[in-house]
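# Chains, contacts and geometry: an overview
Residues per chain, in single letters:
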Amino acid sequence: MDSDVDSFVLIRGDHQPAVVREHLAQARMFDLSAGNDPVRLYVQASHLRLSAGMMRGNTLVVIGPAPVPQRILTDVLATAPSLLHLDAHLGQLAGQYWLVASINGRVRVQGSASGLHRVFYADVAGATMVSSRARLLASIGEFPVDRISLAMRLLEPLQHPLAELCCWENITAVPPHSFLQLGGPDPARLYRWWTPPFPDQDLAAGAELVTSATLETVGDHLSGRSRATCEISGGLDSSTLAATLQIHKHREELPFELHGITAVSRDEFNSDAQWARELTTRLPLDSHTFLQPDQLPWEYDELDDAFRYPLDEPSIAIGSHSRLNAVTDLARAVGTEVHFTGYGGDQLFLAHPALSRELLVTHPLTALRRLRAYRSMYRWRGSDLARQLIAPGSYRSWLNRTYLSSAPRDPHAAMLSWGGQAVVPHWLSAEVTDAIAARIRAMSELHPLAPSPGRHQELGAIYEISRVVRGVADIAHFRGGIGVVAPFLDERVINAALSVRIDHRLDPYRYKPLLLEAFKEFLPDSLQRRTTKGAHNADKAQALLRNASAIRTYFADSKLVEAGLIDPHRLYPLLRQPDTPLFDNNDLAMTVACEAWLRSVDNRSSSPTRPGHSSSERRHKTG
């Protein structure tokens, strides 16, 4: 773990401070002990803002993009007689990444509602340890890799609760919507603190909420910054953020510099770059750089360096680490500390078709019109559509029977149940596939994220993109300290968007109607009328063909093969056929990610050099 990473460790029980200091050399310590119950919190906030308040022996610590005034912290402590009563005051702390509170001898630890900022805990030599980093706990506790949880990362999509399982043994992840409570005679317990709002706002009212929430969270990330960069793809999400940043730029008494970055696709039919130029002619920036295709690395370039990123879990972003670095290196070159991205916009503003089921109860005619449109768009089979509408089944039965089904995947299956059938890589060993199914069957609690399939899939999509963004942000941080932020995954924006009536958000005839309504006054008319969406399939296909030989070499001495997770006799021949349809999904990208992650774990005994920096440079920077 790099010594300047933003993270924390909380320890309940006897411990050796030197062990923590070895990993968090510059951490600030808070003593949260109550009587004979020793609890200590170590926080290292190198790039984020640490705010702490204390009153009558109680303590509240928050870590996030902007400082929290002392009066708010003390007000929360003064009016919350217990940890559970904190829920009523979380609005004052919205937007913070992590919260640790100690009230009347009990401790509460939580991350963010989107799952972007996680909390993990484990028992280490009789002491309970809690951290924002699973890898840090694994290093302190010397825990082995959980082979089956790692293998699950090869499934696409990774469903709840499989996505919540940690890739190390003995470490438990706190669900995004829950907090961990410690203290007293009870063992560690989980309590739910966040539930999606009831969707009762009309489009106009909801749009105002989205506008206000987006402006607020962007403002928090700009706090104290003199420069910011924004990735402007030309799509609606990044264009909206560019407009939001411009609003702040004109409102601030001390304006900040705003620089745009656009990565141009190699696909001649991808018009995103043209739309990015169109946007910035109306929203002038201090600079706008277009990275041309010959200035951008390919996906799967520099795979031998992928192990250097100490991520908590395998990330699909790792195969594109050199391409991501080209963008964040440019951001760093202009002197920015925060880089804005539009991640989460699709998951939040493209309402999932499965929400049509909920409309059948409240607006049946509207629901039938929507379903007819979706069936035409996706060529759903009528019999499958009817079956899913009538009897979606329990979540447990769906996960056991459909998710891991060995039947051929139907590209025209309706999308109204709990989710889609998993893409199981052809090269996943039969033994491991059986072990995954056995672990699912053995789970005592298999509950969906929400009672209805539509809301379940909606939340699952938010958690999934949060995992992607966590990987992207970690890669950027370990590369050069740049903070990659995704404002659409802020709790305030999520609450605002999900509070809008389903019949006002779900519309197959309009593209992201809620987001357009929220920012119609700030976006060029031409962009609001755009009817196309850029894709990067051609870029990915060309990258795979270009790097096929390098990928074969990469897997010649595979850790996944050594661990018995993949079958080399199935994978190696396919790597000589890079145009095979078996690579059409993300299964190869996730296999590369798992391989890189496993190599990084094998190298965790030595503090890895940041990619792009020599060991001598690192020693000079850290002293």
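Let me sum up the structure you'll find in this document. Predicted model, so just to flag it, every value in this text is computed and none were measured. Along each chain, the written sequence defines residue order, and numbers are assigned to residues from 1. A pLDDT threshold of at least 70 governs which residues receive local features in this predicted model, and a stricter bar of 80 or more applies before side-chain atom pairs are shown or counted, although totals over entire chains, interfaces and linings include all residues. Heavy atoms throughout the structure, all of them, feed into the side-chain values; hydrogens and water do not.

### What about the sheet that holds strand β7 (residues 106-110)?
Two strands qualify as a pair provided DSSP detects at least 2 bridges between them. Secondary structure is summarised from DSSP: a helix means a run of H or I of at least four residues, a strand means a run of E of at least two, and numbering begins at the N terminus for each. Taken together, six strands build an open sheet; the order of strands is β4-β5-β6-β7-β11-β12 and the sheet is antiparallel. Each edge of the open sheet is held by one strand with a lone partner, namely β4 (49-55) and β12 (189-192). Strand-to-strand twist across the sheet, computed as the mean angle between neighbouring axes with direction ignored, equals 15°. Where strand β5 (residues 58-64) lies against strand β6 (residues 98-103), five bridges are found, and the strand directions are antiparallel. When the bridges of β6 are listed, T59 appears paired with S102. Here, two residues are considered to be in contact whenever any of their heavy atoms come within 4.5 Å of each other. Only the contacting stretch of a helix is used when fitting its axis, a line to C-alpha atoms as for every element, and angles between N-to-C directions run 0 to 180 degrees. Here helix α2 (residues 70-79) sits on the sheet in contact with β4, β5 and β6, set at roughly 45° to β4.

### Description of helix α12 (residues 382-390)
Regarding α12, the residues found buried are D384, L385 and Q388. Seen from one end, α12 has its buried residues packed into an arc of 100°, which puts them on one side. Exposed and facing more than 90 degrees away from the buried side of α12 are S383 and I390. For α12, the secondary structure elements touched by its buried residues are α10 (356-362) and α11 (364-378). Each residue gets one of three labels from its accessible area relative to the maximum for its type: buried under 20%, exposed over 50%, partly exposed in between, using a 1.4 Å probe on protein chains only. It is the directions from the helix axis to the C-beta atoms whose arc is reported.

### Some words on the packing of aromatic side chains
The aromatic pairing rule takes the rings of Phe, Tyr and Trp, using the six-membered ring of Trp, and pairs them if the centres are within 6.5 Å, calling planes under 30 degrees apart stacked, those over 60 edge-to-face and the rest tilted. Throughout the structure, instances matching the rule amount to 14 aromatic pairs. Relative to W398, the ring of Y395 has its centre 5.8 Å away and its plane inclined at 25°; by these criteria the two rings are stacked. Note that Y395 and W398 are positioned in helix α13 (residues 395-403) at a spacing of three residues, about one turn of the helix. Y395 gets classed as buried once you look at its relative accessible area, which sits at 3%. Considering the side-chain rings of Y554 and F555, the 5.6 Å spacing of their centres and the 80° angle between planes classify their relative orientation as edge-to-face. By relative accessible area, which is 3% here, Y554 ends up buried. Here F555 falls in the buried class, since its relative accessible area comes to 0%. An aromatic cluster is defined as three or more aromatic residues linked by ring pairs; in this entry it consists of Y395, W398, Y403 and W418.

### A few points about α2
Buried within α2 we find I72, L73, V76 and L77. The arc enclosing the buried residues of α2, seen along the axis, measures out at 130°, which places them on a common side. As for α2, its buried residues are in contact with β4, β5 and β6.

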